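Listed below are the residues making up each chain.
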Amino acid sequence: MNPPLGSPEPRTYSEPMRPPQPAVGQSPQPVRQIAISVEGLNLWYGKNQALFDVSLGFPARSVTAIIGPSGCGKSTLLRTLNRMHEVTPGTRMTGRVRLFGDDLYRSGMDPTILRRRVGMIFQKSNPFPTLSVRENVLVGLRLNGVRDKEVLRERLEECLRMAALWDEVKDNLNRPGISLSGGQQQRLCIARAIAMRPEVLLMDEPSSALDPIATARIEELVHELKETFTIVIVTHNMQQAARVSDHTAFMYLGRLIEMGTTQKIFQRPEHRQTEEYITGRFG
Amino acid sequence: MTTVEASGRRLEDQHQHRWRRFKSGAMSALAVLSAAAVILPLGFVLFHLLLQGASSVNVDFFTRTPAAPGSPGGGMANAIAGSAELLALATALGAPIGVLGAIYLSEYSSPAVAASIRFVADVLNGVPSIIWGVLVFGVVVVPMHGFSTLAGAVALAIMMIPLVLRTTEEVLLLVPGGYREAALALGIARWKIVVHIVVRTASRGIVTGVLLAVARISGETAPLLFTAFGNLNWNLGLTQPIAALPLQIYTYAVSPYEDWHRQAWAGALVLISLIFLLNLSVRFLTRAKRL
Ligand SMILES: Nc1ncnc2c1ncn2[C@@H]1O[C@H](COP(=O)(O)OP(=O)(O)O)[C@@H](O)[C@H]1O
Ligand SMILES: [Mg+2]
């Protein structure tokens, strides 16, 4: 699927300039660019430190899984990647995060605009309750001033198709978003996020509230979406990490213990803690 | 020996059991009586009003202005229209301030500031309504050199603000934080999230709160005594005294005329029906699934 997302169509709301990205499949052995790099990140909730000197890079157009026991800071790390942690009062952060080289925390970086480039999917699906399926997908564009009916109609179908939801909802786009099943709601949230044409999608345990079939659909979807987006997925399900991700980062007690290709982490982990966690001896 | 002891204990147990049953029964009876004490006055008032007032609620009552004092006939059309205008104006003035204040409390202010404003609103809600009448007399009636619709509406609006503020804040806080986060993560500006997501999600609850506040102030008499003042003739202008149902009921009830007494009953019946209807629509609104 070479996405219509890449097409240089006029944008009706201002989006930041993007650094050139290598087209997928351009060279036979594409060197993976780093989409987001994290350098020496420390984060405190009030007096409690939740992240300790975390440094890692998330390769572009691939899936990176963050695994680790509950409370180790996976969600916290994820939320620093689109500055969502700033919504929580009393957080303090040091270190650097770059999106294609651009410092996310430099002065003059508007978090609102940044979040259009780095979308987020939450653990609990949260379609807006007063909005229809159609309105849910388009709400981000509408509220950012996109009025052109043609653009909205096209984007609606495109995003619902990408989220593998089109066939299920195309006959009734005006039903309330919350009338869908749990798995459909989560895919609706994915459609809503990609309608903003982000570069990165952050997913925080996106299928932990879903049944196995709905989970499998989300995993398939993640696999397809990585053609277009850089995906960072937090999961406490190691099978899921093994199935969907290209790279895996293992965290423990607020520290990054080890990161590498998923194959390596699961077959030849370097650290004892990683091995113990993966083999289920703790966590 | 042991069997005697055992049966003795059983008797004792049975005795205690009866005593417990009696206590429990007494408690239930007390609770039922107290509940009846809540419902009875309403039933009694409605019954009495229907008995005394229903016969005077006729077409004239809704279409005519008061007849000359002492002569029979006439109606309360001016007071009904006046009350409607006062309530509409008060809502237009008070509800937006209350709602915006609540938005500030739930979406923007720090918890400490919110707590203190909440406390002030609760104090304001407890202020006897005649105080508002006196206050508005001082700050609106005196400078304007006369009683007026505007003064009455301001007095009612002041009463409405803290009521609307508290109910609106409560329903805004009921909107799950997940929706705010989802909208923030879409890169939507904060104020747009508040208006298009949070307030829209809570809109039913906000309307409910406003209706309850309208119901609450629609029978207020004291704050209108020194402000709207009342009027036996038609007036819908903003700068003259205006009639209002509660004021007219009061004027008629203290008059020496039989016919006016009957009309006062009718007015009371209409007023309580209006409040009843408002409360009913609130029930209807809150029964639906959404907030
Ligand atoms: N809003 C918050 N306020 C205070 N502490 C928090 C908050 N969110 C998370 N924490 C703390 O930060 C640490 C990491 O949490 P989190 O990132 O949610 O872990 P994970 O997603 O890996 O389960 C935990 O110790 C948790 O208690
Ligand atoms: Mg988490």
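Residues numbered from 1 in each chain as written. Chains lettered and ligands numbered in written order. Predicted model: local features only at pLDDT ≥ 70, side-chain atom pairs only at ≥ 80, totals over all residues. Heavy atoms only, no water.

**Description of the overall build of chain B**
The test is simple: Segments assigned H or I by DSSP are reported as helices when at least four residues long, segments assigned E as strands when at least two residues long, and all are numbered from the N terminus. All radius of gyration figures rest on C-alpha atoms, and the globule criterion is 2.2 Å times the number of residues raised to 0.38. Think of it in three bands: residues with accessible area under 20% of the maximum for their type are buried, residues over 50% are exposed, and the middle band is partly exposed, with areas taken using a 1.4 Å probe on protein chains only. The contact criterion used is simple: two residues touch if any of their non-hydrogen atoms lie within 4.5 Å. Only the protein chains shown count as cover for residues, with accessible areas throughout obtained via the Shrake-Rupley method and a probe of 1.4 Å. His is not counted here, nor are the chain ends, while Lys and Arg score as positive and Asp and Glu score as negative. Note that the charge is assigned to NZ on lysines, CZ on arginines, CG on aspartates and CD on glutamates.
When its secondary structure is counted, chain B shows 12 helices and 0 strands. Tracing chain B from N to C terminus, the helices and strands come up as α-α-α-α-α-α-α-α-α-α-α-α. Relative to the compact-globule value of 19 Å for 291 residues, chain B shows a C-alpha radius of gyration of 26 Å, a clear excess of over 25%. In terms of overall dimensions, chain B has a C-alpha envelope of 95 × 65 × 35 Å along the principal axes. Classification of the 291 residues of chain B by burial places 39% in the buried group. Long-range pairs, those at least 24 residues apart, make up 76% of the contacts in chain B with a sequence separation of at least 6. Summing over all exposed atoms, chain B offers an accessible surface of approximately 15700 Å²; the carbon and sulfur share of this is 70%. The positive charge centre, built from 20 side chains, and the negative charge centre, built from 13, are 9 Å apart in chain B.

**Some points on the nonpolar core**
Just so we agree on the cut-off: Definition of nonpolar core: a set of buried residues of the types Ala, Val, Leu, Ile, Met, Phe, Trp, Tyr and Cys, connected through side-chain atoms within 4.5 Å.
In terms of nonpolar packing, the biggest core is built from 124 residues, with Leu160(A) and Leu225(A) touching the most fellow members. Sorting elements by how many residues they give to this core places helix 6 (residues 149–174) of chain B first, with 8 residues. Contacts of Leu160(A), omitting those with residues within four sequence positions, involve Val137(A), Leu165(A), Trp166(A), Val169(A), Leu173(A), Leu188(A) and Ala191(A). Within the second largest apolar cluster, 15 residues are counted, among which are Leu49(B), Met76(B), Val270(B) and Leu271(B).

**Regarding the sheet that holds strand 4 (residues 91–99) of chain A**
Residue and element names in this part refer to chain A. Under the convention used in this document: Here a strand pair is declared whenever DSSP counts at least two bridges between the two strands.
Pairing is antiparallel across the open sheet formed by 4 strands, whose spatial order is 2-1-4-5. Bordering the open sheet on either side are strand 2 (48–59) and strand 5 (102–103), each of which pairs with just one other strand. Note that strand 1 (residues 34–45) and strand 2 share 8 bridges and pair antiparallel. Pairing of tryptophan 44 across the sheet is with glutamine 49, part of strand 2.

**Re the confidence of the model for chain A**
Note the threshold: The quantity known as pLDDT measures the predictor's confidence residue by residue, on a range of 0 to 100.
Confidence in the prediction of chain A, expressed as mean pLDDT, is 90, and 89% of residues score 70 or more. Of the regions scoring below 50 in pLDDT, residues 15–20 of chain A engages in 11 contacts with residues more than four places distant in sequence or in other chains.

**A closer look at the packing of aromatic side chains**
For clarity, the cut-off: For Phe, Tyr and Trp, where Trp contributes only its six-membered ring, two rings pair if their centres lie within 6.5 Å, and the inter-plane angle classes them as stacked under 30 degrees, edge-to-face over 60, or tilted in between. Any Lys NZ or Arg CZ that is within 6 Å of a ring centre and within 35 degrees of that ring's normal is treated as a charge sitting over the ring.
All chains considered together, the criterion is met by 9 aromatic pairs over all chains. A centroid spacing of 5.4 Å and a plane angle of 85° characterise the contact between Tyr257(B) and Trp260(B), whose relative ring orientation is edge-to-face. Since its relative accessible area comes to 30%, Tyr257(B) is described here as partly exposed. In this structure an aromatic cluster arises from ring pairing among Phe137(B), Phe147(B), Phe226(B) and Phe229(B). Note that Arg192(A) overlies the ring of Phe128(A), its terminal NZ or CZ placed 4.5 Å from the centroid.

**A closer look at the site of ligand 1**
Residues and elements named next belong to chain A. This is how it is decided: A single heavy atom is enough: if one lies within 4 Å of a molecule or strand, its residue is considered near that molecule or strand. Each polar contact in these results corresponds to two N or O atoms within 3.5 Å; when the atoms are within protein, one needs to be able to donate a hydrogen and the other to accept it, and residues that are neighboring in sequence are counted only if both atoms are side-chain atoms.
If you check the shell around ligand 1, you find Tyr45, Ala50, Ser70, Gly71, Cys72, Gly73, Lys74, Ser75, Thr76 and Thr88 and nothing else. Separating an oxygen atom of ligand 1 from a side-chain N or O atom of serine 75 is a distance of 2.6 Å. The side chain of threonine 76 places a nitrogen or oxygen atom 2.5 Å from an oxygen atom of ligand 1. Coverage of ligand 1 by the protein chains reaches 57% of its 550 Å² of free accessible surface. Ranked by residues supplied to the shell around ligand 1, first place goes to helix 1 (residues 74–80) with 3 residues.

**Digging into the interface of chain B and chain A**
We apply this condition: Reported buried area values correspond to the accessible surface (1.4 Å probe) lost by two parts on association, with both partners' losses combined. Counted as salt bridges are all cases of a side-chain nitrogen of Lys or Arg within 4 Å of a carboxyl oxygen of Asp or Glu.
Taken together, the contact pairs 17 residues of chain B with 25 residues of chain A. Taking both partners together, chain B and chain A bury about 1800 Å²; carbon and sulfur atoms supply 66% of that area. Linking chain B with chain A are 1 salt bridge. Notably, a salt bridge pairs Arg79(A) with Glu181(B), separated by 2.7 Å at the nearest N-O pair.

**So, empty space enclosed by the protein**
We count it as follows: Any residue with an atom within 4 Å of a point lines the site, the site being either a cavity, points on a 1 Å grid over the protein atoms alone where a 1.4 Å probe fits but cannot get out, or a pocket, an open set with protein on both sides within 12 Å along at least 5 of 7 lines. Grid points are joined across faces, edges and corners, and a volume is the space filled by probe spheres set on the points. Residues are grouped as follows: Ala, Val, Leu, Ile, Met, Phe, Trp, Tyr, Cys and Pro are nonpolar; Asp, Glu, Lys and Arg are charged; all remaining types, including Gly, are polar.
A full pass over the atoms with the stated rule returns 4 cavities of 30 Å³ or more. Counted as a void, the largest cavity has a volume near 60 Å³. If you go around the largest cavity, the residues you meet are Met120(A), Ile121(A), Phe122(A), Asn126(A), Cys189(A), Arg192(A), Ala193(A), Ala182(B), Ala185(B) and Leu186(B). Of all the secondary structure elements, the ones that give two or more residues to the lining of the largest cavity are strand 6 (118–121) and helix 6 (182–194) of chain A together with helix 7 (177–185) of chain B. In terms of residue count, helix 6 of chain A provides more of the lining of the largest cavity than any other element does, 3 residues in total. Residue composition of the lining of the largest cavity, by class: 8 nonpolar, 1 polar and 1 charged.

**Regarding the pattern of salt bridges**
Residues and elements named next belong to chain A. Inspection of the entire model under this criterion finds 25 salt bridges over all chains. In this structure, the salt-bridge partner of arginine 272 is glutamate 276, at a minimum N-O distance of 2.9 Å. Taken together, the residues span about one helical turn, with arginine 272 and glutamate 276 both in helix 10 (residues 272–278) at a distance of 4 residues. One continuous salt-bridge network, built from bridges that share partners, spans Asp102, Arg106, Arg117 and Glu199.

**Some remarks on the side chain of Glu107(B)**
Residue and element names in this part refer to chain B. With respect to the helices and strands, the residue glutamate 107 is situated in helix 3 (residues 77–108). A polar atom in the side chain of glutamate 107 sits 2.8 Å from the side chain of arginine 180. When neighbours within four sequence positions are excluded, glutamate 107 is seen to be in contact with Leu172, Arg180, Arg190, Val194 and Val198.

**Concerning the sheet that holds strand 3 (residues 63–67) of chain A**
Residues and elements named next belong to chain A. Put simply, the rule reads: In this analysis an axis means a line fitted to C-alpha atoms, helices contributing only their contacting stretch, and an angle means the value between N-to-C directions, from 0 to 180 degrees.
The mixed open sheet is built from 6 strands, whose spatial order is 6-7-8-3-9-10. Each of the sheet's edge strands pairs with one partner strand only, and the pair in question is strand 6 and strand 10 (255–261). Here the average twist between neighbouring strands, direction ignored, is 15°. Bridging between strand 3 and strand 9 (residues 247–252) involves 4 bridges; their strand directions are parallel. Note that in strand 9 the partner of isoleucine 66 across the bridge is alanine 249. Together, strand 3, strand 7 (200–204) and strand 8 (230–234) form the strand contacts of helix 7 (residues 212–225), whose direction differs from that of strand 7 by roughly 160°.

**Overview of the packing of helix 3 (residues 133–142) of chain A against helix 6 of chain A**
All names here are of chain A. What counts here: Two helices cross in a left-handed way if the nearer one is turned anticlockwise from the farther one by less than a right angle. They cross in a right-handed way if the turn is clockwise.
Taken N-terminus to C-terminus, the directions of helix 3 and helix 6 make an angle of 35°; their axes are 7 Å apart at the nearest point. Note on packing geometry: the crossing formed by helix 3 with helix 6 is right-handed. Contact residues: helix 3 offers Val133, Asn136, Val137 and Val139, while helix 6 offers Leu188, Ala191 and Arg192. Across the contact of helix 3 with helix 6, the residue classes tally to 5 nonpolar, 1 polar and 1 charged.

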